[in-house]
Amino acid sequence: MDNSFAEDVRAGLTATHKYLSSKYFYDDNGSRIFQEIMKMPEYYPTDAEFEILSLQAKQIFDSLKFSSTFNILELGPGDGFKTFKLLEFLVGEGIEFNYVPIDISKKAIESLTKRLSERLPELKIKPQVGDYFKILKAYKKADVPNLLLFLGGNIGNYPNKKAFDLLKLFYKNMNRGDKLLIGIDLKKNPLIIHKAYFDPHGITKRFNLNLLLRMNRELGADFKIDDFDFYCHYNPETGEVKSYLVSLRAQKVRLSKLDITIDLDYNELIWTELSKKYGLQEIESLAKSSGFIVNTNFLDCKHYFTDSLWEK
């Protein structure tokens, strides 16, 4: 049993307003379902960021102003789909760099390394499995500059205080002159965001329900999947999309490995995910408050998304 998963579930389901951390969505099955979400025609973030990294790889590299070999440290690279275009450009131009994908999942890193080694045999890849910040701390001692990648709009999954704390940790583990390329989803027509997140195909519902299946499997829970629905809400003023599981009846759920029973009221909500969208001024403020300077906001053609280059 994963102790951190168990303790986070205990804390979330015994809270006055129940919640579950979205980081636990991504077991093997959850990761497969998320691949389906990314292929939905309404789900724009993946395509928008892919466009940026495909068409503006040269501009991104030029903005780095690194004059010698450097490291690219990517946190949570996933399947490497988007990053591939940037790596392909750099390898094709004969630019000297080391690619260091970092993930807590050994399986994910092994799969990514195999795929990249086949597609880009000249790529110098140094995969790392473990805690982000322990690895970043080690690379801070390197005698070459670092480009830190935090893509996919993942910063939007953190409430304001936690986003600030995370960025301060990045800052602390970087050297003067190092860069951070951070993917950030932008505020836009609320209807576009609504279509992307409100689950017209039932895939996001399956993604959320899979979290209940994971608790059944790993924590000995007895969630009945048919007794829950999915709901999400976008607030265009705050830029926050919030996702929830909805209990369709008053029920008791036993989690045997935690030795707890939780009561759920009819229509009670369990908050599962935050996905915040930012304005460009907010990005400037977020960078400044955590110590960074915004170098360039690289935008897709529709201005739906930015890969924002920050400098320490």
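Heads up: the structure comes first, above all this text.
Reading the values: rules and limits
Residues numbered from 1 in each chain as written. Predicted model: local features only at pLDDT ≥ 70, side-chain atom pairs only at ≥ 80, totals over all residues. Heavy atoms only, no water. Buried < 20%, exposed > 50% of the residue type's maximum accessible area, 1.4 Å probe, protein only. Pairing = 2+ DSSP bridges. Helix = DSSP H or I, 4+ residues; strand = E, 2+ residues; numbered from the N terminus. Axes fitted to C-alpha atoms, helices over the stretch in contact; angles between N-to-C directions. Salt bridge = Lys/Arg side-chain N within 4 Å of Asp/Glu carboxyl O.

Participant: Would you mind going over unusual backbone geometry with me for this structure?
Facilitator: Generally, phi is negative for residues other than glycine and the peptide bonds are trans, each holding for most cases. Phi at D199 takes a positive value of approximately 65°, unusual for a residue other than glycine. Given a relative accessible area of 11%, D199 falls into the buried group.

Participant: Help me out: how do you make sense of the sheet that holds strand β10 (residues 269-276) in this one?
Facilitator: Within the open sheet, the three strands sit side by side as β6-β7-β10. Their pairing is antiparallel. If you trace the sheet from one side to the other, it starts and ends with β6 (228-235) and β10, each paired once. In this sheet, neighbouring strand axes are inclined to one another by 20° on average, regardless of whether the strands run parallel or antiparallel. Across eight bridges, the pairing between β6 and strand β7 (residues 240-247) is antiparallel. Note on β7: the bridge partner recorded for F228 is S247.

Participant: Is there a simple way to think about the pattern of salt bridges in this case?
Facilitator: When the charged atoms of two side chains with opposite charge come close together, those side chains can pair. With the rule as written, the count across this model stands at 23 salt bridges. Between E88 and K85 there is a salt bridge; the shortest N-O distance is 3.0 Å. On the criterion of helical spacing, the pair formed by E88 and K85 is a turn pair, its members being three residues apart in helix α5 (residues 83-92). The salt bridge partner of K124 is E96, with a shortest N-O separation of 2.7 Å. On the criterion of sequence distance, the pair formed by K124 in the loop between α6 (106-119) and β3 (128-129) and E96 in the loop between α5 and β2 (97-103) is long-range, its members being 28 residues apart. For K124, a relative accessible area of 40% corresponds to the partly exposed category. Since its relative accessible area comes to 43%, E96 is described here as partly exposed.

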